[in-house]
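Here are the chains, one letter per residue:
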Amino acid sequence: IGRAICRINPTSGGDIFFKGQKINGKISKELDKEVIRKIQMIFQDPMASLNERAKVEYIIAEGLLNHHLYKDQDDLHEKVMNALHEVGLLPEFASRFPHEFSGGQRQRIGIARALVMEPEFIVADEPTTALDVTVQAQVLRLLKNLQKETGMALMLITHNLGVVWDMCDRVMVMYAGKIVEMASVKDLYGSPMHPYTWGLLDSMPSLSTERKTALKTIAGTPPDLRLTGKCCNFYNRCPYAQTICTECVPELKELAPGHLVACHRQNGVERLEREEGADRG
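The structure reproduced in this document is the subject of the present report. (Residues numbered from 1 in each chain as written. Predicted model: local features only at pLDDT ≥ 70, side-chain atom pairs only at ≥ 80, totals over all residues. Heavy atoms only, no water.)

Section: the side chain of Gln40
Condition: Working definition: helices are DSSP H or I runs of at least four residues, strands are E runs of at least two. Numbering for both runs from the N terminus. Throughout this description, a polar contact denotes any pair of N or O atoms lying within 3.5 Å of each other; where both atoms belong to protein, one of them has to be capable of donating a hydrogen while the other can accept it, and for residues adjacent in sequence the pair is counted only when both atoms sit in side chains. Whether two residues are in contact is decided by their heavy atoms: any pair within 4.5 Å suffices.
Counting through the fold element by element, Gln40 comes out in strand E3 (residues 39-42). A distance of 2.6 Å separates the side chain of Gln40 from the backbone oxygen of Ile36, its partner in a polar contact. Contacts of Gln40, omitting those with residues within four sequence positions, involve Cys6, Arg113, Ala114, Met117, Pro119, Phe121, Ile122 and Val123.

Shown next, in the form of C-alpha cells:
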C-alpha cells in the first residue's frame, strides 16, 4: 500500500486520492511530478535503499535535481547541508559514501533525502527495523519532532505496538493483506474488538509480567496469500471462529464512532467478548 501511494507499485484494486485528486493509474505528467515531490518514502532497510556509488550530497540532492527545483549550485549545497543538520548529521558527511556509515546514520540519510523535498506526506516503511533499540528511539524522536515542526502527515508501517502507541493518532490493523480493525490509538488499545488485535496486544510483555511466565503467542501460521480472499483470512488461527467464518469474507463495519471492524462475530448485533475463550461451532 505504501509503495502504491508513492506510485512505485501499481494498485491491484481500488483508488488512491491525495488532496482530492486520484493519483493511481494513468494520470497527467504534471500531477505525477507533484505526487512524486510531495509524497516521499523512507524505506525499511537503510543498508539497501541508498546508492552505494553516490556520495551523500548527491543522494540527498537527487530529487531536487530531477525536479529542477534548484539550479544554483550554492543554493542546492546549502539545502543539503540544512537537511543533514535537521537529521543530526555533520556537514562533512556530505562528501562520503553510504558504506562508511552505521545503520542508524544511513537511515538518517534516507530521512534527509525525503525531507529535503519538503513533502506533505511521508510513508515510513518500518524505518527502525534494522536498528538497535537506542538508535530506534533517536530516529522515532526525530520523525516525531519533524512532523510537529513541518506539519507533514506521516504514515508509519510497523509491527511494534509500543511505537504505534507513541507515534500514531489512528491505527489500521491488517492481516494477510486485509484491514481487520481501524480506530484511534486510544480506542484500539482501550477497547480492541478483533480477535487478531487481541492476540497482538496479548503477545506484548509488560513490566509486571513474571520473569518465568511464558509469552503468549497466536497459534498456527499465516495463510498462503494465494488462497485468501474467499473467507475470513484469520479463521484457522482464531479460537472464536464459526462456520460462517470459513464461508465468506467479513465486511468492514463501523461498530462505534470511528471504530471499524471486519469480523462476523462483531457485527453490531452479536458482540464477542475478549475473555470469552474458544467457542468453535
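Observations concerning helix H2 (residues 29-38)
Definition in use: Note on exposure labels: buried denotes an accessible area under 20% of the residue type's maximum, exposed denotes more than 50%, and partly exposed covers the range between, all computed with a 1.4 Å probe on protein chains only. Read the arc as the range of directions from the helix axis to the C-beta atoms.
Taken together, the buried positions of H2 are occupied by Leu31, Val35 and Lys38. Within H2, the buried residues cover an arc of 80° as seen down the axis, which keeps them to one side. Pointing more than 90 degrees away from the buried face of H2 are the exposed residues Lys29, Glu30 and Lys33. Buried-residue contacts for H2 involve helix H1 (2-5), strand E1 (17-18), strand E2 (21-22), E3 and strand E4 (121-125).

Observations regarding the sheet that holds strand E5 (residues 153-157)
Operational definition: Two strands make a pair as long as DSSP finds a minimum of two bridges between them. Only C-alpha atoms enter the line fits that serve as axes; for helices the fit covers just the stretch in contact. Angles between N-to-C directions range over 0 to 180 degrees.
Within the open sheet, the 3 strands sit side by side as E3-E4-E5. Their pairing is parallel. Strand pairing shows two members of the sheet lacking a second neighbour, E3 and E5, which therefore form its edges. Ignoring which end each strand starts from, the neighbouring axes of this sheet average 15° apart. Set on the sheet, helix H5 (residues 103-115) makes contact with E3 and E4; between it and E3 the angle comes to about 180°.

With respect to the environment of Leu215
Turning to its location among the elements, Leu215 is positioned in the loop between helix H9 (195-202) and strand E8 (252-256). In sequence terms Leu215 and Pro205 are 10 residues apart; their C-alpha atoms lie 6.9 Å from each other.

What about the nonpolar core?
Convention followed: In these notes, a set of buried Ala, Val, Leu, Ile, Met, Phe, Trp, Tyr and Cys residues joined through side-chain atoms within 4.5 Å is what counts as a nonpolar core.
In this structure, Ile60, Leu84, Val87, Ile109, Ile111, Leu115 and Met167 are the most contacted members of the largest nonpolar core, which totals 56 residues. Considering every element that reaches this core, the biggest residue donor is helix H6 (residues 133-150), with 6 residues. Those residues in contact with Met167 that lie beyond four places of it in its chain are Leu140, Leu143, Lys144, Leu154 and Leu156. Ala4, Leu31, Ile39 and Phe121 belong to the second-largest nonpolar core, a separate cluster that totals 12 residues.

Description of the packing of helix H3 (residues 56-66) against helix H4 (residues 73-86)
Note the following rule: Take the far helix as your reference; a near helix turned counterclockwise from it by less than a right angle gives a left-handed crossing, and one turned clockwise gives a right-handed crossing. In this classification, the charged set is Asp, Glu, Lys and Arg, the nonpolar set is Ala, Val, Leu, Ile, Met, Phe, Trp, Tyr, Cys and Pro, and all remaining amino acids, among them Gly, are polar.
The geometry of H3 relative to H4 is characterised by a closest axis approach of 10 Å and an angle of 115° between their N-to-C directions. The chirality of how H3 crosses H4 is right-handed. On H4, the residues that touch Val56, Glu57, Ile60, Ala61, Leu64 and Leu65 of H3 are Leu76, His77, Lys79, Val80, Ala83 and Leu84. Partitioning the contact of H3 with H4 into residue classes produces 9 nonpolar, 1 polar and 2 charged.

Observations concerning H9
Of all 8 residues making up H9, 6 are buried, and the element is well covered by its neighbours. Buried-residue contacts for H9 involve helix H7 (161-167), strand E6 (170-175), strand E7 (178-184) and helix H8 (185-190).

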